[in-house]
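Geometric and topological summary
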Amino acid sequence: MTQARDYLVVDELTKHFGGLAAVEKLSFSLDRGQILGLIGPNGAGKTTVFNLITGFLPATSGRVTFRGESLLGKKPHQIVNQGLARTFQLVKPFPELSLFDNIRVACYGPRFMSQGLDEQAARHRILEVAEQVGLPKDLDQPASALGHGDLRLLDIARALMVQPELLLLDEPLSGLSSIETQAIVKLISALNQEGITLLIIEHKLRELMKVADRIVAIDFGEKLAAGTPQEVVNHPAVVEAYLGTKDSYASA
Amino acid sequence: MLANLKTPAQRRTAIFYGLIMLGFYFVPVFSDNFYLLSVFTTAYFYIIFATSWDVFAGYSHLMNFGHALFIGLAGYLTAFVDLHLGLPPLLVLPMCAVLCGLLGMFIGYLTLRMQGPYFAIITMAFAAVAYESAIMFSEYTGGEEGIPGIHPLTDSLIGDYYFVLVIMSLIFLFLLWFTRGRWGLVLKAISQNEDSVLASGINTAWVKIRAYSISGALCGIGGSVYAYSLTHVGPTSMEQVLSTTILIMAMVGGMGTITGPFLGALILVLFNELSRDMEEYRLLIYTVMVVVIIFFAPRGIVSWGQPIARAFKLGGKRGQAGS
Amino acid sequence: MELIQEIIIFGTIKGCVYALIATGFTLIFAVAGILNLAHGTFYMLGAYFTYTLFYVLGIPLPPAILLAAVLVGALGMLLDRVFLKPMRSSHTYVLVLTVAIAFAAQEIILLTYGSQGMNIPNLVEGSVSLNGVVVSWHQLLIVAITAVVLVMLWLVLTRTRYGVATLAVSMDEDGARLVGIETEKVFNLSMFASAFLAAVAGALISPIMSMTPEMWNMPLMKAFVVVVVGGIGSLTGSIMAAFFLGWLETFTGFVISPKLTEVVSLVLLTVFLVFRPSGILGRRLH
C-alpha cells in the first residue's frame with residue numbers, strides 16, 4: 001500500500017562537505033508503525049542523515065518526504081511541527097532549569113499549543129509524560145542533577161510532548177547501564193505500541209535487533225544493506241564494514 | 001499574573017518589591033527636596049534601562065554592550081519632534097517605542113547567528129557608529145553639544161517625578177509579566193541549549209528577535225522620557241560608558257530576573273549619590289565594589305535573597321530551580 | 001605621488017601599533033576563548049609604567065619600556081590567575097569582569113596621575129626624509145621594533161615548547177590536555193605575552209599621542225575591528241587586517257576627511273560582522 005510504505009521516504013539523499021561526501025545517494029523508506037534501525041560504524045554518516053532529515057543541516061541534493069510532504073529546505077522547528085521529533089547523540093538538556101521546566105518548554109511550540117490545553121491540563125500532560133518515560137519523581141530538581149541515563153529519558157520526554165508521529169532517536173542506549181538500557185528498550189516498544197513510528201540509530205546491535213522490524217546499514221554515507229535484522233547483520237558488506245576483511249585483519 | 005504567585009518564595013518577592021514601589025510613590029509626601037527627588041528619578045531611569053536590557057540580554061545570555069543606542073536614538077527623535085513638530089509627550093513616547101522596537105528587530109535579525117563574543121562586539125559597534133555619527137552630522141544633531149531646549153514634561157518637579165515613576169512602574173510590571181510567562185522560560189532555555197528548543201518546534205529566531213525588539217522599545221520609551229527630563233540630548237546619551245554602566249547594574253543585581261536589574265540599578269545609583277563626599281575615591285570604590293560583587297556573586301545580588309530569607313527565617317522552602 | 005607615499009608610510013606605522021595590539025588580543029582569545037575587555041588597559045599601563053620608570057625612577061627609556069612591558073605582562077598573568085581562572089567557562093562573566101576591571105584601572109590611573117595628557121620623549125630624536133616624506137626616527141623605530149617583536153613571537157610559537165603547546169591548545173583544549181599539555185600554564189603565559197605586546201604598543205605610541213586615563217578605549221575598539229576583519233583566532237589574519245586598517249584610516253584621513261577616520265574602523269567592523277563574520281582567514285590560530 002503506497003501510503004504505509006511511503007511514510008518516510010529518503011531518496012538519493014546526498015551531503016557533501018567541500019570535497020568530502022558524508023552521505024552519498026542514500027535511499028530508504030519507512031513504513032508507518034515500523035521501527036527502522038540505522039546502523040553503521042563510527043563516522044558512517046548516521047547522525048548526518050538525521051540532521052539532514054530534521055533540518056539541522058542543508059542537503060546537497062536528493063529528496064526526503066514525510067507523508068508525501070517534502071522536508072528538505074525546511075527549518076528544524078517547521079519539521080517538528082509536521083510531526084517529526086528527534087533526540088540527539090549527545091544529551092541536550094537545559095541544565096539550570098528544573099526537570100518540569102525542561103519538559104514544559106515544549107509546551108510552547110505550536111504543535112502542542114494547537115491542542116488548546118489550559119494550564120492545568122498541560123501540567124497534567126507533563127506529569128504523564130514524565131511518568132511514562134520513567135523520570136525520577138522529583139521534577140523540581142535541576143537537570144544538572146541528573147545522571148546520563150535520566151538525561152536521555154528527559155530528552156525523550158521532551159520529544160514526546162510534541163506528539164510526534166515519527167520519532168528519531170540518535171543512539172538512545174549509548175552510555176547506559178544494562179538496567180537503564182532495558183528500560184529504554186521497553187519504552188521504545190511501548191511507544192511503538194501506541195502508534196509511534198521510530199527510526200533509531202544505535203550501536204548496541206543486540207538490543208536494537210530486539211525491537212527493530214527492519215534495518216538499514218550504511219558506511220561512508222552509502223547504503224550497504226537493508227532488510228530484516230538477521231539479513232543485514234549477516235550481510236558480508238556489513239560484516240566487513242564493522243570488522244574489516246580477513247586480509248586487513250592480517251596486516252593490522 | 002497574581003495566579004502565578006504560587007510559592008511562598010514568590011509571594012515574598014512580590015511583597016518585597018511591592019513595598020519598595022509603594023515607598024517610591026510616597027517619597028514626595030515626606031520631602032520636596034529637589035536633590036532627593038532627582039536622585040530617585042535618576043534611579044528610575046536606570047531601572048528602566050537596566051530592566052529593558054535584561055529582558056533580552058539577561059535571559060538569552062547574549063551580552064548587549066550597546067544598549068545606550070536606544071536611549072540616544074529615542075532622545076534625538078524626541079528632540080526633533082518636540083522642537084520642530086511640537087507634538088506632546090504622549091505621542092512622542094509611542095513613536096520612540098516603535099522606532100526603537102523596529103531597530104531592535106533589525107539588529108536582532110542581523111545578529112541571529114552570532115555567538116557571544118561577536119554579538120558583544122557588534123552591539124558595541126552599532127552604538128559607537130551612532131555616537132560618532134551624532135558628533136559628525138553636527139548640523140542636524142548639534143554635534144558634541146547636542147540639542148538643548150526640549151520642553152519639560154510637566155511644570156512641576158513633583159509632576160516630573162511621578163511621570164517618570166509611573167512610566168517606570170508600567171515598564172517594570174510589564175517586564176515581570178512578560179518574563180514570568182512563556183517567553184522568559186523559552187529565552188532561558190535558548191541560552192542553555194538552543195537545539196533542544198528548536199527540536200521542540202519553537203522558532204528560536206523569532207523569539208530572540210521579539211525579545212530584542214521589546215528590549216529596544218522599552219528602552220526607547222525610557223530614553224525619550226530621559227531626554228525630556230534633562231531637556232537636552234547629546235552624544236553622551238549614547239556613549240559606551242552608559243551602555244556598560246547599564247550592563248553592570250543588571251549584572252550586579254542579577255541578570256535574567258528583571259528584579260535583579262531593578263535592585264542593581266537602584267543600589268548603584270544610590271551608592272553613587274551617597275558617596276559624593278568621598279570625592280575622588282568615589283568612582284574607584286564604586287568600580288572596585290562592582291568587581292568584588294561580580295566576582296563573589298556571579299548571579300548578582302538577588303541570589304543572596306534566599307540565603308538572607310533563610311537567615312531571617314522568613315519561610316519558604318529552599319530555592320526552586322529555574323523559578 | 002607624494003600623497004601615496006605618505007599614506008603608505010604613515011599607514012604602515014599605524015598598522016604596526018594596531019598589529020601589536022591585535023596580536024595580543026587574538027592570542028588570548030584563540031587560546032583561552034576569552035574576549036579580554038581589559039586588553040586596552042594593558043596598553044594604557046604600558047604607557048604609564050614607562051612614564052613612571054623613566055621620569056620618577058630615572059631609568060633610561062629603552063630599558064624602561066622593556067621593564068614596563070614585563071611588569072604589565074606579569075600583571076596580566078596575575079589578573080588571569082586571580083580573576084579569570086574561576087570563571088573561564090562563562091564568557092558572560094569574563095566580559096563583564098574584564099570591563100569592570102578596565103574601569104577600575106582607569107579610576108586608579110586617574111587618581112594616581114591626574115587627567116592631564118602626558119608624554120614620554122621619543123626613543124630617538126630627530127627625523128629623516130624618505131623620498132620627500134618627513135618621518136621621525138621614533139616612528140621608524142616603531143616599525144622596526146614591531147617587526148622584531150612579531151618575528152620573535154612567530155619564532156616562539158613555532159620553535160619553542162610553549163609555542164607549540166599554545167598552538168595545540170588554541171586548536172583543541174581538551175585534546176591538548178589529553179596529551180599532557182598543562183593548559184593552565186599555557187593560559188598564563190599567553191596572558192603574559194598578550195599583555196606584554198599591548199604594553200609595548202602603548203609605550204611606543206606615547207611620545208606621539210598623549211596618555212590619558214581613557215586611552216584604553218581606543219585600542220579595544222581597534223582590536224575588535226582587526227580581529228573580526230582578520231578572522232577571530234587567526235594571528236596572520238590579525239596582522240594583515242591591522243595593516244589594512246592602518247592604511248585605510250590613513251587614506252581616509254588624508255584623502256576624504258580627518259573627521260571620518262574613527263568611523264571608518266566602525267563601518268568596516270559592522271560590514272564584516274554582518275556579511276563575513278569569519279573574517280578573511282577564519283577561525284584557527286595560525
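Residues numbered from 1 in each chain as written. Chains lettered and ligands numbered in written order. Predicted model: local features only at pLDDT ≥ 70, side-chain atom pairs only at ≥ 80, totals over all residues.

**Topic: the overall build of chain C**
Tallying secondary structure elements over chain C gives 11 helices and 2 strands in all. Listing every helix and strand of chain C by position from the N terminus yields α-α-α-α-β-β-α-α-α-α-α-α-α. For 286 residues, the compact-globule estimate of 2.2 N^0.38 gives 19 Å, and the C-alpha radius of gyration of chain C, at 18 Å, lies within 12% of that figure. Based on the C-alpha atoms only, the size of chain C along its principal axes is roughly 60 × 45 × 35 Å. Out of the 286 residues belonging to chain C, those deemed buried represent 49%. (Helix = DSSP H or I, 4+ residues; strand = E, 2+ residues; numbered from the N terminus. Rg over C-alpha atoms; globule rule 2.2 N^0.38 Å. Buried ≥ 20, exposed ≤ 12 C-beta atoms within 10 Å, placed from the backbone.)

**Brief notes about helix α10 (residues 204–230) of chain B**
All names here are of chain B. For α10, built from 27 residues, the straight-helix expectation of 39 Å at 1.5 Å per residue is met to within 8% by its first-to-last C-alpha distance of 38 Å. Burial within α10 is extensive, with 23 of its 27 residues counted as buried. A positive phi of about 50° marks T231, the residue just after α10. (Expected span 1.5 Å × (residues − 1).)

**With respect to the environment of A:A21**
All names here are of chain A. Mapping A21 onto the fold places it in strand β2 (residues 20–30). For the pair A21 and T60, spaced 39 residues apart in the sequence, the C-alpha separation amounts to 9.7 Å. Residues in contact with A21, not counting those within four places in the same chain, are H16 and G221. (Contact = placed C-beta atoms within 7 Å.)

**A few points about the interface of chain B and chain C**
Listed by partner, the interface residues are 31 residues for chain B and 30 residues for chain C. Of the residues contributing to the side of chain B that touches chain C, the split by class is 24 nonpolar, 5 polar and 2 charged. (Nonpolar A, V, L, I, M, F, W, Y, C, P; charged D, E, K, R; others polar.)

**A look at unusual backbone geometry**
Residue and element names in this part refer to chain A. For E12, which is not a glycine, the phi torsion comes out positive at approximately 50°. Residue position: E12 is located in strand β1 (residues 8–17). Take E12: there are 14 C-beta atoms within 10 Å of it, and that puts it in the partly exposed class.

**Details of the arrangement of the chains**
Ranking by contact count across 2 pairs of chains in contact places chains B and C at the top. Where chain A comes nearest to chain C, the C-alpha atoms are still 14 Å apart, and the two do not contact one another.

**Topic: the interface of chain B and chain A**
With 19 residues of chain B at the interface, the matching set in chain A holds 28 residues. When contributions to the side of chain B that touches chain A are tallied by element, the ones reaching two or more residues are α8 (182–192) and α9 (194–198) of chain B. Ranked by residue count, the leading element in the side of chain B that touches chain A is α8(B), at 6 residues. By residue class, the composition of the side of chain B that touches chain A is 8 nonpolar, 8 polar and 3 charged.

**Some details on the nonpolar core**
Residues B:I47, C:A100, C:A199 and C:V200 are the most contacted members of the largest nonpolar core, which totals 279 residues. No other element matches the 17 residues that helix α1 (residues 2–32) of chain C contributes to this core. If we skip the residues at most four places from it in the chain, C:A100 touches B:I248, B:T287, B:V290, B:V291 and B:I294. (Core = buried A, V, L, I, M, F, W, Y, C linked by C-beta atoms within 7 Å.)

**Considerations on the pairing of strand β8 (residues 197–201) of chain A**
All names here are of chain A. Taking burial as the measure, the 5 residues of β8 include 5 buried ones, the bulk of the element. Burial along β8 is two-sided: the face carrying T197, L199 and I201 and the face carrying L198 and I200 are both buried. Of the pairings in the sheet, the one linking strand β3 (residues 35–39) to β8 comprises 4 bridges and is parallel in character. Paired with G37 across the strands is I200, a residue of β8. With 5 bridges joining them, strand β7 (residues 166–170) and β8 adopt parallel strand pairing. In the sheet register, L166 faces β8, and the bridge partner there is T197. Handedness of the crossover is the feature at issue here: the chain leaves β7, passes through helix α8 (residues 178–193), returns alongside β8, and the resulting connection is right-handed. (Pairing = 2+ DSSP bridges. Right-handed = clockwise from strand over helix to strand, strands pointing away.)

**Topic: the sheet that holds β7(A)**
Residues and elements named next belong to chain A. Spatial strand order, β6-β7-β8-β3-β9-β10: 6 strands in an open sheet with mixed pairing. Each having just a single partner strand, β6 (84–86) and β10 (222–227) make up the two edges of the open sheet. Here the strands of the sheet are splayed against their neighbours by 15° on average, with no regard to which way each runs. In the packing of helix α2 (residues 46–53) onto the sheet, contacts are made with β3, β6, β7, β8 and β9 (214–219), and the angle to β7 comes to roughly 145°. (Axes fitted to C-alpha atoms, helices over the stretch in contact; angles between N-to-C directions.)

**Observations concerning the sheet that holds strand β5 (residues 69–70) of chain A**
Residues and elements named next belong to chain A. Taken together, 4 strands build an open sheet; the order of strands is β2-β1-β4-β5 and the sheet is antiparallel. Looking at the sheet topology across the chains shown, the edges are occupied by β2 and β5. Across 5 bridges, β1 lies against strand β4 (residues 61–66) in antiparallel orientation. For L8, the partnering residue across the bridge sits in β4 and is F66.

**A short note on the environment of C:L245**
All names here are of chain C. Its place among the elements puts L245 in helix α10 (residues 235–256). A count of 25 C-beta atoms within 10 Å places L245 in the buried class. Through-space distance from the C-alpha of L245 to that of G163 is 27 Å; in sequence the pair is 82 residues apart. Leave out the neighbours within four places in its chain, and L245 touches G15, Y18, K222, V225, V226, S265 and L268.

**Considerations on the environment of B:A79**
Residues and elements named next belong to chain B. Following the sequence through the fold, A79 ends up in helix α3 (residues 68–85). A residue is classified by how many C-beta atoms lie within 10 Å of it, and A79, with 26 of them, is buried. Distance from A79 to V233, taken between C-alpha atoms, is 7.1 Å for residues 154 residues apart in sequence.

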